[in-house]
Amino acid sequence: MDIGTATILMIAAIFGLLVTGLPLAFITGLVAMVFTFGWFGETALPLVTSRVFSFITEYSLVAVPMFVLMASLLDRSGIAKDLFNAMRVFAGRLPGGVAVQTIVVAFFLAALSGIIGGEIVLLGILALPQMLRLGYDKRLSIGVVCAGGALGTMMPPSIVLIIYGLIASVSIAELFTAAITPAVILMGSYIAYVLVRCLKNPAMGPPLTAETQDNPFASKFEAIKAILLPAMIAFLVLGTIYGGIASVTEAAAMGVFGVMLAIVLRGEFSVAMLHHSLGQTLFTCGMIIWIGIGAAALVGVYNLMGGNRFVSGMILGLDVAPIVIILVMMAIMLVLGLFLDWIGIAMLALPIFLPIVTELGFDPIWFGILFAVNMQVSFLSPPFGPAAFYLKSVAPPEISLKDIYVSVLPFMAIQLLVLAALLTWPQLAIWPL
């Protein structure tokens, strides 16, 4: 059997098993073992397992459970709720003001944790009922919650960027630095879209009135005090990284310490909260690690079979401009995003694509930012966009999955426009480096 036929069989086996509902980690591990024994025999097993060992012993991977724990603690504390209520003071009577405030709060939460699912659930509990109560357009409200929650893939300390940095062997701190401008552009684009829609048709986002302004903060001074605490936590994490004081892993540990201290000072700490947060952290990190193990084994055996040389030769042999090859990679990952989560795409596609990106002379940091934006699109895209299922779990019963899928389409278009801008002007991402 030649490598081309083996590649087709491998892809068919993965997608065929996905239909059965098996977890991706088990699918990739099973396919890896079948091809290892079928192509090489049992003698190649140590070579595959050595690749898995190198993945799970990567020191920077320690940052992942720390950031997940930080996000879980934030979800169960009142810090995020106070931040949302504080921002309502500044929303004023601007049409669409609460939607704008929701996007800004989502940006803050992304800077605190870098976990996507938790943000959407939190915003679905805090912001969505508030916007619906005020008479906001249902689709606009849903889209704002999903798109705002997806900012966690871009805004440092993004788990997506950490995993990309491990796979690409590039500086995670540089990835964080490069991601800030595109993240701000995305946030600004969402806000501009909301304002244009609501200024054109104020019924889509009615301004707050004296009757609808129900807020526990009596003054802007009290609201600012509520904003200062999460801002200090974000500075503790990101400021130490950018200032060269701490590595990403050390900053993650400091972030957990900062959140724990804040929860204790607010009188919200309990053993039950810590127990639930640790349980969620174990579950999330277990999923990431097992998918990583399966994908590392699959990519390892595929490379031993000569798959990396086959794919590289096939792509580099195309008589097209290098940027067209990057566009093809983006298109492939967009299609994969319809069926796989970001972890699976990262672990399966990036080890094959990154050597080609480097050989073409492109900056892997820039490509990492493209990947993060691409994963934002996949996070929203039907039929398996995780954002829809996260929001559906906490949304009012009258909101269907169809409502959510339709609502996110304008925001997916904005994400694709930002992706196109980054492809056209790479300096938007790499200018601070």
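What counts as what
- Residues numbered from 1 in each chain as written.
- Predicted model: local features only at pLDDT ≥ 70, side-chain atom pairs only at ≥ 80, totals over all residues.
- Heavy atoms only, no water.
- UniProt positions renumbered as here; feature names shortened; annotations may be inferred.
- Helix = DSSP H or I, 4+ residues; strand = E, 2+ residues; numbered from the N terminus.
- Rg over C-alpha atoms; globule rule 2.2 N^0.38 Å.
- Buried < 20%, exposed > 50% of the residue type's maximum accessible area, 1.4 Å probe, protein only.
- Contact = heavy atoms within 4.5 Å.
- Areas by Shrake-Rupley, 256 points an atom, 1.4 Å probe, with all protein chains shown as cover.
- Lys, Arg positive; Asp, Glu negative; His and termini not counted.
- Charge placed at Lys NZ, Arg CZ, Asp CG, Glu CD.
- Expected span 1.5 Å × (residues − 1).
- Arc of directions from axis to C-beta.
- Core = buried A, V, L, I, M, F, W, Y, C linked by side-chain atoms within 4.5 Å.
- Patch = residues over 30% accessible without salt bridge, like charges linked within 9 Å, V, L, I, M, F, W, Y side chains within 5 Å.
- Salt bridge = Lys/Arg side-chain N within 4 Å of Asp/Glu carboxyl O.
- Axes fitted to C-alpha atoms, helices over the stretch in contact; angles between N-to-C directions.
- Parallel < 35°, antiparallel > 145°, perpendicular 65-115°, else oblique.
- Left-handed = near helix turned anticlockwise from the far one by under 90°.
- Nonpolar A, V, L, I, M, F, W, Y, C, P; charged D, E, K, R; others polar.
- Disulfide = S-S within 2.5 Å.

For the chain, an unreviewed UniProt entry supplies the name TRAP transporter large permease protein and the organism Halomonas fontilapidosi. In the Function (unreviewed entry) part of its UniProt record, the chain is described as follows: "Part of the tripartite ATP-independent periplasmic (TRAP) transport system." UniProt, in the comment section headed Sequence similarities (unreviewed entry), describes the chain in these words: "Belongs to the TRAP transporter large permease family."

A. Here's a closer look at the overall build of the chain. A count of helical and extended segments in the chain gives 20 helices and zero strands. On C-alpha atoms alone, the chain measures out to a radius of gyration of 22 Å, which is about the 22 Å that the 2.2 N^0.38 rule sets for 433 residues. Principal-axis analysis of the C-alpha atoms places the extent of the chain at approximately 75 × 45 × 45 Å. The 433 residues of the chain split such that 55% are buried. Within the chain, contacts between residues at least 6 apart in sequence are counted, and of these 80% link residues at least 24 apart. For the chain, the exposed surface amounts to about 17800 Å²; the carbon and sulfur share of it is 71%. In the chain, 16 positive and 19 negative side-chain charges are present, and the distance between their average locations comes to 13 Å.

B. How the structure looks around helix H15 (residues 322-336). Its 15 residues place the ends of H15 21 Å apart at the C-alpha level, agreeing with the 21 Å of an ideal helix rising 1.5 Å per residue. Residues Ile325, Ile326, Met329, Met330, Met333 and Leu336 constitute the buried set of H15. Buried residues of H15, viewed axially, fall in a sector of 145°; they line one side. Those residues of H15 that are buried lie in contact with helix H1 (3-18), helix H14 (307-316), helix H16 (342-359), helix H17 (364-380) and helix H19 (401-424).

C. Examining the nonpolar core more closely. In this structure, Ile163, Ile326, Phe367 and Leu380 are the most contacted members of the largest nonpolar core, which totals 160 residues. In this view, leucine 380 contacts Cys146, Ala147, Ala150, Gly385, Ala387, Val408, Phe411, Met412 and Gln415; residues no more than four positions away in its chain are not counted.

D. Summary view of a nonpolar patch on the surface. On the surface, a cluster of nonpolar side chains totalling about 500 Å² of accessible area is made up of Leu318, Val320, Ile323, Val324, Leu327, Val328 and Ile332. Since its relative accessible area comes to 36%, isoleucine 332 is described here as partly exposed.

E. Examining the packing of helix H9 (residues 159-168) against H17 more closely. Put simply, H9 and H17 touch, their axes get as near as 10 Å, and they point 140° apart. Between H9 and H17, the interaxial angle falls into the category oblique. Handedness of the crossing formed by H9 with H17: right-handed. Every residue of H17 that contacts H9 at Val160, Leu161 and Tyr164 is listed here: Pro364, Phe367, Gly368, Ile369, Phe371, Ala372 and Met375. Here the contact of H9 with H17 is composed, by residue class, of nine nonpolar, one polar and no charged.

F. The environment of phenylalanine 257, seen in detail. Structurally, the position occupied by phenylalanine 257 is in helix H12 (residues 248-265). For phenylalanine 257 and isoleucine 233, which are 24 residues apart along the polypeptide, the C-alpha to C-alpha distance reads 9.4 Å.

G. A look at the state of the cysteines. Applying the stated rule across the entire model yields zero disulfides. Just so you know, cysteine 198 is unpaired, no disulfide at all, and the nearest cysteine sulfur is the one on cysteine 146, 17 Å from it. Relative accessible area serves as the criterion here: at 0%, cysteine 198 is assigned to the buried category.

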